[in-house]
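Descriptive structure summary
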Amino acid sequence: MHGTGDLFVPIFLEQSLKRAVAAAGKDALLAQRIYRIAGHCGFSQPEMIKAFDDLVAWVHKGARPAGDDVNGDLSNAGLTFTDPLRPNDPGGIRVAADAKP
C-alpha cells in the first residue's frame, strides 16, 4: 500500500522494491497498490479492510490480489484502489500541453 502524496516514502522506493523482487525471481510474491492520498499512511478504513481481506485470501486460498504496475504510467496512479476519492482529487483530468487558461 502506497500513497501518491507520501513525501517520507517516495514512490520511487516502491519501484526499486519491484525491480529487486523481480531480479530475485520472486515477483509472484509481491502485490503493490497505489492510493491517491496525501501524506504518509492516510489510508481510509475501506482501503485498509479491503487490502487486509485480500492479503488473508492470498495466504489462505492462494488468490493473489490485484495490484498496480508501479513501474508503468503513473499519471493517474491510484484510481483503481482508492476508496473513496478524496475531495478535489484531480484523477482522470487531462490538460493538453497547449491549453490556454
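Bear in mind that the values here come from a model prediction, so they are computed numbers and not experimental data. (Residues numbered from 1 in each chain as written. Predicted model: local features only at pLDDT ≥ 70, side-chain atom pairs only at ≥ 80, totals over all residues. Heavy atoms only, no water.)

1. Some remarks on the overall build of the chain
Helix and strand counts for the chain come out as two helices and two strands. Counting helices and strands in the order they occur from the N terminus, the chain gives β-α-β-α. Across its three principal axes, the chain shows a C-alpha extent of roughly 50 × 30 × 25 Å. Buried positions account for 25% of the 101 residues belonging to the chain. Here the analysis covers contacts within the chain between residues at least 6 apart in sequence; of these, 68% occur between residues at least 24 apart. In the structure as shown, the chain presents an accessible area of about 6900 Å², 61% of it carried by carbon and sulfur atoms. Here the chain contributes 11 positive and 12 negative side-chain charges, whose respective centroids are spaced 3 Å apart. (Helix = DSSP H or I, 4+ residues; strand = E, 2+ residues; numbered from the N terminus. Buried < 20%, exposed > 50% of the residue type's maximum accessible area, 1.4 Å probe, protein only. Contact = heavy atoms within 4.5 Å. Areas by Shrake-Rupley, 256 points an atom, 1.4 Å probe, with all protein chains shown as cover. Lys, Arg positive; Asp, Glu negative; His and termini not counted. Charge placed at Lys NZ, Arg CZ, Asp CG, Glu CD.)

2. Considering helix 1 (residues 12-23)
Here helix 1 is twelve residues long and its end C-alpha atoms lie 16 Å apart, about the 16 Å a rise of 1.5 Å per residue gives. Those residues of helix 1 lying buried are Glu14, Gln15 and Val21. Summarising the axial view, the buried residues of helix 1 lie within an arc of 130°, below the 170-degree limit, and thus occupy one face. Against the buried residues of helix 1 lie strand 1 (2-5). Once helix 1 finishes, Gly25 follows within two positions and takes phi at roughly 75°, a positive value. (Expected span 1.5 Å × (residues − 1). Arc of directions from axis to C-beta.)

3. Here's the deal with the nonpolar core
Tyr35, Ile37, Phe43, Ala51 and Phe81 form the largest nonpolar core, which has five residues in total. Not counting chain neighbours up to four residues away, the residues in contact with Ala51 comprise Met1, Arg33 and Tyr35. (Core = buried A, V, L, I, M, F, W, Y, C linked by side-chain atoms within 4.5 Å.)

4. Section: the environment of Gly62
Turning to its location among the elements, Gly62 is positioned in the segment after helix 2 (45-61). A residue is classified by how much of its surface remains accessible, and Gly62, at 55% relative accessible area, is exposed. Between the C-alpha atom of Gly62 and that of Ile49, which follows or precedes it by 13 residues, the distance is 18 Å.

5. Thoughts on the layout of surface pockets
Taken as a whole, the largest pocket holds about 150 Å³ of empty space. If you go around the largest pocket, the residues you meet are Met1, Ala31, Gln32, Arg33, Ala51, Asp54, Leu55, Trp58, Pro65 and Ala66. (1 Å grid on protein atoms, 1.4 Å probe; cavity = no way out; pocket = protein on both sides within 12 Å on 5 of 7 lines; lining within 4 Å. Points joined across faces, edges and corners; volume = space filled by probe spheres on them.)

6. Let's talk about a nonpolar patch on the surface
A cluster of nonpolar residues, Phe52, Leu55, Val56 and Val59, forms a patch on the protein surface that exposes about 380 Å² of accessible area. Structurally, the position occupied by Phe52 is in helix 2. Looking at Phe52, the relative accessible area reads 52%, which means it is exposed. (Patch = residues over 30% accessible without salt bridge, like charges linked within 9 Å, V, L, I, M, F, W, Y side chains within 5 Å. Salt bridge = Lys/Arg side-chain N within 4 Å of Asp/Glu carboxyl O.)

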